[in-house]
Amino acid sequence: MMTIRSQSSVSSSKIFSSLRSSSINPSSSSSRTSVFVKTVFTSTMNHSVKTALKVPIVSASQSTNGSHFSSSSGGDSFFRSVLSSMEQVYLNRNPTAKAILELVGSTDANQICYDHIAYRTFGVNGYGIDSISKFFLDFGYTQREELRFPKKKLKALWFSPPNVSSINGGSGVHGPLPRIFISELLVDQMSLQAQEIIRKYTGLSGAGHKHTVLSSALGCLTWPKPSHDEFQQLASESEYAAWTLVNGYMVNHVTISTHRLKSRLKNIKNFNEFIEDKGFKLNSEGGVLKVSPDALLLQSSTVADSIPFEFSDGIKESVPCSYIEFAERIVLPEYKDLPEDKVQEVHRRDGFEVGNADKIFESTSMDQLNRRVA
């Protein structure tokens, strides 16, 4: 059975324990959190850089910009340690994702590769895509295409990773790096009432837009917890806005690259059947399998987990958390005659598709959470 927790995550779990509760019930003020977070993060990252991470989940993607930084450098070790902390927060909050990763790892007997990691943001006061992307750009990522979702009032950018070699063929965050997909709510297109709520909390965050990556790695909000009424007001207009208000910059989802598996599960249709047979509910919006117009990008996802949340007015309620996605990238037509053992990620369909992503966003919607499985 695959073990998800890395050694460094185990060693840092005690340090993070007091903050994990604030990711569910974020009650401390942004100023108090900022001081505490800075101390915890500095000590933890110093420890993590010294500790070899051994997570049996491999990330993989196509590098397109040719940039490279040495796998033995302190910068690379730090970067991978931050990703590991983000991943651990995500797994602690989302038992479905953790269970599926363990299940697939034990069934396939192969290292699991991440196709991409996704984040949601508020496009206002410096809290949008740039607040997350600058961290990845600093470590060699390249900005790629923009995607627009007019009905949802969203835009997104994706980023391709640098060509960084695995450390001694290592796995987990020591493997090939994933693509990064960051979306943002176009706040100026929302109702005045929704804008007021969003601007209120980003304003109360102070300089939180400078520390969104830190908040993701620690599992806490950069702003105070909202009232239940404010959450409901946002939810009535934008599920995305309400989700971001209570989850902040924590990982929205990670994506298993099915074509990198070795068993019959490498075919995403087989993978979906396997997951559903084990009792997991998949997002049915537009059909379980989302297919790009060129039929070269196939995607599916689970329905999000829910997590207890106590609002500022004392009301307790379960709110949508995160989910896990699956993607199969088909070999491009010009490489269709390549022997299977010669096919690499560069030979497969790259990028993202608006139609697919639009339906994947629904994984956190109440319609999907409340849907009964036939």
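One can find the structure itself at the top, above this paragraph.
I will try to describe carefully the structure that is included in this document. Note that this is a predicted model, so its numbers are computed, not measured.

1. Considerations on helix α4 (residues 95–108)
Taking 1.5 Å of rise per residue, 14 residues should cover 20 Å, and α4 covers 20 Å from first to last C-alpha, within 8% of that figure. What α4 keeps buried is the set Thr96, Ala97, Ile100, Leu101, Leu103, Val104, Gly105 and Asp108.

2. Here's the deal with the environment of Pro178
With respect to the helices and strands, the residue Pro178 is situated in the loop between β4 (154–160) and β5 (179–185). Sequence separation between Pro178 and Tyr114 is 64 residues; the distance between their C-alpha atoms is 5.7 Å.

3. A few points about the pairing of strand β8 (residues 297–301)
Across the five residues that make up β8, a large majority, five, are buried. Of the two faces of β8, the one holding Leu297, Gln299 and Ser301 and the one holding Leu298 and Ser300 are both buried throughout. As judged from the two bridges shared by strand β7 (residues 290–291) and β8, these two strands associate in the antiparallel manner. Bridge pairing in β8 links Lys290 to Gln299. Linkage of β7 to β8, two consecutive antiparallel strands, is achieved through a turn of five residues, within which Ala295 is found at a positive phi near 60°. Judged from the five bridges that link them, β8 and strand β11 (residues 323–329) form a sheet pairing that is antiparallel. Looking at β11, one finds that Leu297 is bridged to Arg329.

4. Some points on the packing of aromatic side chains
Considering all chains together, one arrives at 19 aromatic pairs under this definition. Pairing Phe79 with Phe135 gives two aromatic rings, centres 5.3 Å apart and planes at 25°, and the pair type is stacked. Here the residue Phe79 occupies a position in helix α3 (residues 74–93), and Phe135 occupies one in helix α5 (residues 129–138), the gap between them amounting to 56 residues. Each member of the pair, Phe79 together with Phe135, is buried. Aromatic side chains Phe271 and Phe326 sit 4.6 Å apart centroid to centroid with 50° between the ring planes, which places their arrangement in the tilted category. With Phe271 in helix α10 (residues 268–277) and Phe326 in strand β11, this pair connects stretches of sequence that are 55 residues apart.

5. Let's talk about helix α6 (residues 192–204)
Compared with the 18 Å implied by 1.5 Å per residue over 13 residues, the 18 Å span of α6 between its first and last C-alpha is a close match. Every buried residue belonging to α6 is among Ala194, Gln195, Ile197, Ile198, Tyr201 and Thr202, and all of these are buried. Here the buried residues of α6 occupy an arc of 165° about the axis, which is enough to place them on one side. Pointing more than 90 degrees away from the buried face of α6 are the exposed residues Leu192 and Glu196. For α6, the secondary structure elements touched by its buried residues are β2 (112–122), β5, α8 (228–237) and α9 (239–247). Of the residues trailing α6, Gly206 is marked for its positive phi of about 65°.

Parameters and conventions
- Residues numbered from 1 in each chain as written.
- Predicted model: local features only at pLDDT ≥ 70, side-chain atom pairs only at ≥ 80, totals over all residues.
- Heavy atoms only, no water.
- Helix = DSSP H or I, 4+ residues; strand = E, 2+ residues; numbered from the N terminus.
- Expected span 1.5 Å × (residues − 1).
- Buried < 20%, exposed > 50% of the residue type's maximum accessible area, 1.4 Å probe, protein only.
- Pairing = 2+ DSSP bridges.
- Phe/Tyr/Trp six-rings, centres within 6.5 Å; stacked < 30°, edge-to-face > 60°.
- Arc of directions from axis to C-beta.
- Contact = heavy atoms within 4.5 Å.

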